[in-house]
Amino acid sequence: MWPRTDLLKLLKVEHPIVQAPMAGTATVALAAAVSNAGALGSLGCAEDPLVTIRQNVDALRLATDKPFNLNFFAHRPPREDRAVVARTRDLIKPFYEQAGLTKVPDALEAPFGTFDPDSLSLLLALRPAVTSFHFGLPETAAVKDLQKAGCIVLCSATTVAEAKALNEAGVDAIIAQGWEAGGHRGSVDSHYEDFGIGTMALVPQIVDTVDVPVIAAGGIADGRGIAAAFALGASGVQMGTAFLSCPETSISDVHRAALRNAVDQDTRLTRAFSGRPARARNSRYIEAMAEHRAPLPDFPTMYTLSGPLLDAADQDRDFHFLLHGQAAALNRELPAAELVRTLVKETLDLL
Ligand SMILES: Cc1cc2nc3c(=O)[nH]c(=O)nc-3n(C[C@H](O)[C@H](O)[C@H](O)COP(=O)(O)O)c2cc1C
């Protein structure tokens with residue numbers, strides 16, 4: 001049926017489609033529907049306290065007995081550079097004034113931490129079938145512990161060099177995330193904006209470099225994209241934006257409407273909310289901040305400065321942070337299980 005089945009065997013799923021783990025957006029209901037439909041449902045756990053992750057996994061296990069994926073960020077802990085903070089506070093001040101806010105916060109705080117020994121202990125206790133990482137991998141010993149506990153370990157790469165390093169570190173499969181992708185770039189290094197490599201160029205070069213299955217991600221929205229990924233040598237796909245329009249996601253009505261009206265030129269890469277590049281719907285704030293190529297506070301402490309603007313976004317759309325990718329205009333508003341069935345049929349018909 002599928003031209004390549006290595007990933008299906010590895011993940012123990014029927015269809016080679018991974019629903020992207022979208023922190024704050026991919027709900028238990030979404031992941032359960034996707035896993036029950038024979039693809040791989042995922043929860044983005046990176047921004048959740050451990051107790052919430054445990055509760056979500058309990059709920060997910062009640063809703064499905066199929067494999068699912070828990071995703072974490074393994075970013076370098078943020079450093080504090082007072083000069084960068086001072087410059088960014090000045091830069092952001094006019095936007096605070098526009099939003100009617102008075103004081104730009106002084107001290108920066110990370111709203112969530114990076115993957116750490118406590119996250120590892122929780123994962124080892126929960127033993128999900130699959131664990132995936134974004135922004136690099138935790139240390140090799142942690143990867144090995146997870147694999148010994150029976151977890152398949154995946155990680156995103158945005159360049160051939162990153163994929164090669166992940167292969168050498170022993171991951172079970174690599175997510176090749178192209179420039180088109182919605183959400184944060186999964187790159188290990190955050191200074192690579194000038195090298196945006198599209199999915200079409202990235203996937204076959206990673207396939208030629210590594211000896212584990214490659215999962216293509218970025219701009220894949222329908223059966224045409226999935227068939228193309230297989231033609232490029234991928235063993236499966238990871239799709240985020242396409243699942244955003246499912247009724248099971250927790251996106252706002254404003255985001256749902258934006259997806260309905262999306263066009264190809266809607267999005268751009270921005271570091272202006274989190275400190276790391278993410279593809280989001282363009283706005284005046286994003287555009288104005290893009291003019292300034294100076295460093296911003298490290299991910300995720302930049303959220304301390306952008307947070308009050310995000311809170312003001314209900315009144316002022318200039319401050320929305322609506323994460324989606326370049327192919328959003330192809331989205332369909334289908335329940336997740338139906339979307340999976342549709343994607344599988346479209347792809348197999350084409351293949
Ligand atoms: C709203 C949104 C949130 C995302 N959050 C995460 C996340 O928490 N962890 C992660 O590994 N990837 C995350 N991503 C990136 C996806 O894993 C994937 O690379 C991307 O969605 C693929 O491109 P596409 O959006 O064009 O399908 C997110 C993507 C979106 C659209």
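Residues numbered from 1 in each chain as written. Predicted model: local features only at pLDDT ≥ 70, side-chain atom pairs only at ≥ 80, totals over all residues. Heavy atoms only, no water.

Caption draft 1: Local environment of the environment of Phe273. Inspection of the secondary structure assignment puts Phe273 in the loop between β10 (267-270) and β11 (278-281). For the pair Phe273 and Ala59, spaced 214 residues apart in sequence, the C-alpha separation works out to 31 Å. When near neighbours in sequence (up to four residues on either side) are disregarded, Phe273 contacts Tyr285, Ile286, Met302, Tyr303, Ser306, Leu310, Phe319, His320 and Phe321. (Helix = DSSP H or I, 4+ residues; strand = E, 2+ residues; numbered from the N terminus. Contact = heavy atoms within 4.5 Å.)

Caption draft 2: Spotlight on the sheet that holds β11. Taken in spatial order, the three strands line up as β7-β11-β10 in an open sheet, and their pairing is antiparallel. At either end of the open sheet lies a strand with only one pairing partner, and these are β7 (183-184) and β10. Here β10 runs beside β11; their pairing, made up of four bridges, is antiparallel. Counted as the bridge partner of Arg268 is Ala280 from β11. (Pairing = 2+ DSSP bridges.)

Caption draft 3: The site of the ligand, seen in detail. Not every one of the 19 residues close to the ligand is listed here, only the nearest: Pro21, Asn71, Gly219, Gln238 and Thr241. In this structure, a nitrogen atom belonging to the ligand sits 3.0 Å away from a main-chain N or O atom of Pro21. One of the backbone nitrogen or oxygen atoms of Gly240 is found 2.9 Å away from an oxygen atom of the ligand. Bound to the protein, the ligand loses 97% of the 600 Å² it would expose on its own. Looking at side-chain class alone, the shell around the ligand contains nine nonpolar, ten polar and no charged residues. (Near = heavy atom within 4 Å. Polar contact = N/O pair within 3.5 Å; in protein donor to acceptor, adjacent residues only side chain to side chain. Areas by Shrake-Rupley, 256 points an atom, 1.4 Å probe, with all protein chains shown as cover. Nonpolar A, V, L, I, M, F, W, Y, C, P; charged D, E, K, R; others polar.)

Caption draft 4: The packing of aromatic side chains, seen in detail. Scanning the entire structure with this criterion turns up 14 aromatic pairs. Relative to Phe319, the ring of Phe95 has its centre 6.4 Å away and its plane inclined at 90°; by these criteria the two rings are edge-to-face. With Phe95 in helix α4 (residues 82-98) and Phe319 in the loop between α13 (302-311) and α14 (336-350), this pair connects stretches of sequence that are 224 residues apart. With relative accessibility at 0%, the residue Phe319 sits in the buried group. When the ring of Phe115 is compared with that of Phe133, the centres are 5.0 Å apart and the planes differ by 85°; the resulting orientation is edge-to-face. Of this pair, Phe115 sits in the loop between α4 and α5 (117-126) while Phe133 sits in strand β4 (residues 130-134), placing them 18 residues apart in sequence. Here the aromatic cluster, defined as three or more aromatic residues joined through ring pairs, consists of Phe73, Phe112, Phe135, Phe299 and Tyr303. (Phe/Tyr/Trp six-rings, centres within 6.5 Å; stacked < 30°, edge-to-face > 60°. Buried < 20%, exposed > 50% of the residue type's maximum accessible area, 1.4 Å probe, protein only.)

Caption draft 5: Highlighting the side chain of Gln177. Tracing the backbone through its elements, the reader meets Gln177 in strand β6 (residues 173-177). If we ignore the near neighbours within four places in the chain, the residues touching Gln177 are His134, Ala157, Thr158, Gly182, His184, Arg185, Gly186, Leu202 and Ala217.

Caption draft 6: Just the domain arrangement of the protein chain, in detail. Domain parsing of the protein chain yields domain 1 (6-77 + 113-266 + 324-350) and domain 2 (78-112 + 273-322). Just the C-alpha atoms count here: the centres of domain 1 and domain 2 sit 26 Å apart. Opposite the 30 residues of domain 1 that make contact, domain 2 presents 20 residues. Taken together, the two surfaces of domain 1 and domain 2 that pack against each other cover about 2000 Å², and 54% of this comes from carbon and sulfur. Where domain 1 meets domain 2, there are one salt bridge. When the shortest N-O distance is used, the salt bridge between Arg281 and Asp266 registers 3.7 Å. Linking domain 1 to domain 2 there are nine residue pairs in polar contact (both at pLDDT 80 or more). Contributing elements (two or more residues each) for the side of domain 1 that touches domain 2: β7 and α11 (253-260). In terms of residues, the side of domain 1 that touches domain 2 owes the most to one element, α11, which gives three residues. Residues that form the side of domain 1 that touches domain 2 fall into these classes: ten nonpolar, twelve polar and eight charged. (Domains from an automatic or database assignment. Buried area = accessible area lost by both parts, 1.4 Å probe. Salt bridge = Lys/Arg side-chain N within 4 Å of Asp/Glu carboxyl O.)

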